[in-house]
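This is what each chain is made of:
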Amino acid sequence: MRSSSGTPLRRRTVLRGAAALGLAAAAPWPSACGADDDALRFFFAANPEEADARMRIVDAFQHRHPDIRVRTVLAGGDPTQQISTFCAGGRCPDVLMAWEFNYAELAGRGVLADLNALLDADREFAAALRADSIPALYETFGFNGGQYAFPEQWSGAFLFYNTAIFAEAGVPPPPGRWDEPWSFGEFLDTATALTRRDTNGRIIRWGFVDTWSPPYSAALFGMNNGTPWAVPRFNPTHLNYDDDAFLAGIQFYADLANVHRVAPAASDTQAMSTMGLFTAGKAAMALGGHWRYQTFAQAEDLDFDVAVLPTGPAAAAKGLAARSAIG
């Protein structure tokens, strides 16, 4: 892999993914959707660096299929609200990025087509798609017997880590396999060893930062202490936020900032975001997903790799591997 400047980069291939959370508006939508011209309108969400990569794919598609014009629509701050607005006005995009939180509502309102009809007409493609898909991810986007979205991306969160900081401190790199995770204790020891303070005790480098959404990140730590977020996975009847092991995982996440001081609290990120801290070498590890990769890849003097999330004692007692979220 090379950066935009052509400089060789040492990067591990990472899981592709995307994330956006929210619920679509509840207003009824007309079924007739689409633009007035003959261009295929493609709606997607991405940060600027992601958008650049996505547009290269669109350009390559149009070069291969010059008879199909693609008009891209980049989402703003609330993509699900934008979809609601488009569709309420009868101008839904022809192809759109949907999320596990909103695709079922779009399907239920008749906005999305059942893709099984296309799959039935192209058995070869259908077989290749299924062979290349993760079953749990593919099945997540089924609804009432239909298939209303293809899992083009996966928004599971993982850890980025600064390889130079680890090498300089003489700290072993974290594991890179989900079935060979590290423990909460090992993760805390590593974050502690990599947190640096100046002579006045002020923290000048954090062991860990969270570039995702703290409520969801906290739930990841709860899940990695041996308890799923909800049961059953489809049409859940119970959220496990009352489970002792799940709560212990959330508490561990909170203690990283509030007790152990290896992660910044909200007041510590007023001058620089958690993204900025990791990009500038002021944090050794960062929790995030693929959507952060392009930003980090384009940062100067940042060499990084990816690692798996740690697991808690309750997960270890059950012999469970590390896990991440589907959406």
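So, here is what we can say about the structure in this document. Worth saying up front: this structure is predicted, and the values here are computed from it rather than measured.

Criteria and cut-off values
- Residues numbered from 1 in each chain as written.
- Predicted model: local features only at pLDDT ≥ 70, side-chain atom pairs only at ≥ 80, totals over all residues.
- Heavy atoms only, no water.
- Salt bridge = Lys/Arg side-chain N within 4 Å of Asp/Glu carboxyl O.
- Buried < 20%, exposed > 50% of the residue type's maximum accessible area, 1.4 Å probe, protein only.
- Helix = DSSP H or I, 4+ residues; strand = E, 2+ residues; numbered from the N terminus.
- Pairing = 2+ DSSP bridges.
- Disulfide = S-S within 2.5 Å.
- Axes fitted to C-alpha atoms, helices over the stretch in contact; angles between N-to-C directions.
- Parallel < 35°, antiparallel > 145°, perpendicular 65-115°, else oblique.
- Contact = heavy atoms within 4.5 Å.
- Nonpolar A, V, L, I, M, F, W, Y, C, P; charged D, E, K, R; others polar.
- Core = buried A, V, L, I, M, F, W, Y, C linked by side-chain atoms within 4.5 Å.

Regarding the pattern of salt bridges
- Under the counting rule described, the total for this entry stands at seven salt bridges.
- Among the salt bridges present, the one from arginine 109 reaches glutamate 105, with a minimum N-O distance of 3.3 Å.
- Judged by its relative accessible area of 27%, arginine 109 is partly exposed.
- When its relative accessible area of 25% is taken as the criterion, glutamate 105 is described as partly exposed.
- Across the salt bridge formed by arginine 177 and glutamate 180, the nearest N and O atoms sit 3.7 Å from each other.
- A residue is classified by how much of its surface remains accessible, and arginine 177, at 46% relative accessible area, is partly exposed.
- For glutamate 180, a relative accessible area of 49% translates into the label partly exposed.
- Several salt bridges share partner residues, and in doing so they unite Arg177, Asp179 and Glu180 into one network.

Quick word on the pairing of strand 11 (residues 283–288)
- Counting buried positions along strand 11 yields six of six residues, so the element is predominantly enclosed.
- The pairing of strand 6 (residues 158–162) with strand 11 spans four bridges and is antiparallel. Looking at the pairing, phenylalanine 160 lines up with alanine 286 of strand 11.
- Looking at chain direction, strand 8 (residues 203–210) and strand 11 are connected through four bridges and run parallel. Among the inter-strand pairings, phenylalanine 208 is bridged to a residue of strand 11, identified as methionine 285.

Quick look at the state of the cysteines
- According to the stated counting rule, one finds one disulfide in the structure shown.
- Across the disulfide, cysteine 87 is cross-linked to cysteine 92 (sulfur-sulfur distance 2.0 Å). Like cysteine 92, cysteine 87 is buried.

Focus on unusual backbone geometry
- That bond from valine 231 to proline 232 is cis: its omega, -15°, falls within 30 degrees of zero.
- Mapped onto the elements of the fold, proline 232 is located in the loop between strand 9 (230–231) and strand 10 (238–239).
- The phi angle at arginine 261 is positive, at roughly 55°, despite the residue not being glycine.
- Tracing the sequence through the fold places arginine 261 in the loop between helix 10 (244–258) and helix 11 (274–279).

Some remarks on the packing of helix 8 (residues 184–194) against helix 10
- Running from N to C, helix 8 and helix 10 point in directions that differ by 5°, and their axes come no closer than 12 Å. Considering the angle they form, helix 8 stands roughly parallel to helix 10. Contacts from Phe184, Phe187 and Leu188 of helix 8 reach helix 10 at Gly249, Phe252 and Leu256.
- Of the residues that constitute the contact of helix 8 with helix 10, the class distribution is five nonpolar, one polar and no charged.

A look at the nonpolar core
- Core analysis: the biggest nonpolar cluster contains 34 residues, and Leu159, Phe187, Phe208, Phe221, Leu256, Met285 and Leu287 have the highest contact counts within it.
- Within the residue set of this core, elements represented by two or more residues are strand 6, helix 7 (163–169), helix 8, helix 9 (214–223), helix 10 and strand 11.
- When near neighbours in sequence (up to four residues on either side) are disregarded, phenylalanine 187 contacts Leu159, Trp182, Phe208, Phe221, Phe252, Leu256, Met285 and Pro310.
- Counting residues in each nonpolar core, the second largest holds 25 residues, with Ala51, Leu96, Leu106 and Ala107 among its members.

Overview of the sheet that holds strand 2 (residues 70–74)
- Read from one edge to the other, the open sheet built from three strands follows the order 2-1-3, with strand pairing classed as parallel. Unpaired on one side and paired on the other, strand 2 and strand 3 (95–96) mark the two borders of the sheet.
- Summarising the sheet, strand 1 (residues 40–44) and strand 2 pair through five bridges and their orientation is parallel. Bridging across to strand 2, arginine 41 finds its partner in arginine 71.

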